[in-house]
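# Breakdown of the fold
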Amino acid sequence: MLNEGHCFRSQVLNICNRGGRAASEQGGHLDYKSGSLETLKRIVETQHGLTLLPELSVLELPEEKLKMVHQFEEPQPLREVSLVVHRSFLKKKLIEALKQEIIASIPENIRSRKRSR
């Protein structure tokens, strides 16, 4: 699990329905915490643990490591990213260009999935 302060940590806790309670309150299993998704991946590899990862963090994994990745069944949890500005913000073209760059950087297979939903 990521350290406190990471937004993905709170989302994982919500998905797991743990609400941030300590391991001792959860039946005694161990929780490893890290500030890095790469460290969490290595813990899973070497210690045979489990973790949740954003899809973008596993896209470049080699085939043998992809075998350890399991997708959620439907309905899959998803994260929403919003670009919010004050309505009086004058640089609307700048915001639109930023939005288009963000969208363009998302892999096509993920973008097309959203359109189909």
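Throughout what follows, the structure given in this document is the object of discussion. (Residues numbered from 1 in each chain as written. Predicted model: local features only at pLDDT ≥ 70, side-chain atom pairs only at ≥ 80, totals over all residues. Heavy atoms only, no water.)

## Some details on the overall build of the protein
Applied cut-off: Only DSSP runs of H or I reaching four residues or more are called helices, and only runs of E reaching two or more are called strands; each is numbered from the N terminus. The rule is simple: take the accessible area with a 1.4 Å probe, protein chains only, and divide by the maximum for that residue type; under 20% is buried, over 50% is exposed, in between is partly exposed. Only heavy atoms matter for contacts: two residues are in contact if any of them lie within 4.5 Å across the pair. Here, Shrake-Rupley sampling with a 1.4 Å probe gives the accessible areas, and only protein chains in the shown set may cover a residue.
When its secondary structure is counted, the protein shows 5 helices and 0 strands. When its helices and strands are written in sequence order, the protein yields α-α-α-α-α. Each of the 117 residues in the protein was classed as buried or not, and the buried ones make up 17%. Considering only residue pairs separated by 6 or more positions, the protein has 48% of its internal contacts joining residues 24 or more positions apart. Per element, the accessible surface of the protein, about 9,700 Å² overall, is 55% carbon and sulfur.

## Some points on empty space enclosed by the protein
What counts here: Cavity and pocket criteria rest on a 1 Å grid covering protein atoms alone: a 1.4 Å probe that fits but cannot get out defines a cavity, protein on both sides within 12 Å along at least 5 of 7 lines defines an open pocket, and an atom within 4 Å of a point defines a lining residue. Grid points are joined across faces, edges and corners, and a volume is the space filled by probe spheres set on the points.
Summed over the entire model, instances satisfying the criterion amount to 1 cavity of 30 Å³ or more. Estimates place the volume of the largest cavity at around 30 Å³. The wall of the largest cavity is formed by Met1, Leu2, Phe8, Arg9, Val12, Leu40, Thr51 and Leu52. With 3 residues, helix H1 (residues 7–16) is the single largest residue contributor to the lining of the largest cavity.

## Re the layout of surface pockets
Which entries qualify depends on this criterion: Polar here means any residue outside two lists: the nonpolar Ala, Val, Leu, Ile, Met, Phe, Trp, Tyr, Cys and Pro, and the charged Asp, Glu, Lys and Arg; Gly therefore counts as polar.
Quantified by volume, the largest pocket comes out at close to 1,800 Å³. Pro54, Glu55, Leu56, Leu78 and Arg79 are the residues nearest the centre of the largest pocket, which is lined by 42 residues in total. Per-element tally for the lining of the largest pocket: the top contributor is helix H5 (residues 108–116), with 5 residues. Among the residues forming the lining of the largest pocket, the class breakdown is 22 nonpolar, 8 polar and 12 charged.

## Section: a nonpolar patch on the surface
Selection rule: Each patch is built from salt-bridge-free residues with over 30% relative accessible area, joining like charges within 9 Å and nonpolar side chains (Val, Leu, Ile, Met, Phe, Trp, Tyr) within 5 Å. A pairing counts as a salt bridge when a side-chain nitrogen of Lys or Arg comes within 4 Å of a carboxyl oxygen of Asp or Glu.
On the surface, a nonpolar cluster with roughly 250 Å² of combined accessible area is contributed by Leu83, Leu98 and Ile102. Within the fold, leucine 98 resides in helix H4 (residues 92–105). Exposure remark for leucine 98: the relative accessible area of 41% places this residue in the partly exposed category.

Without other data, these values stay purely geometric and don't point to any function.
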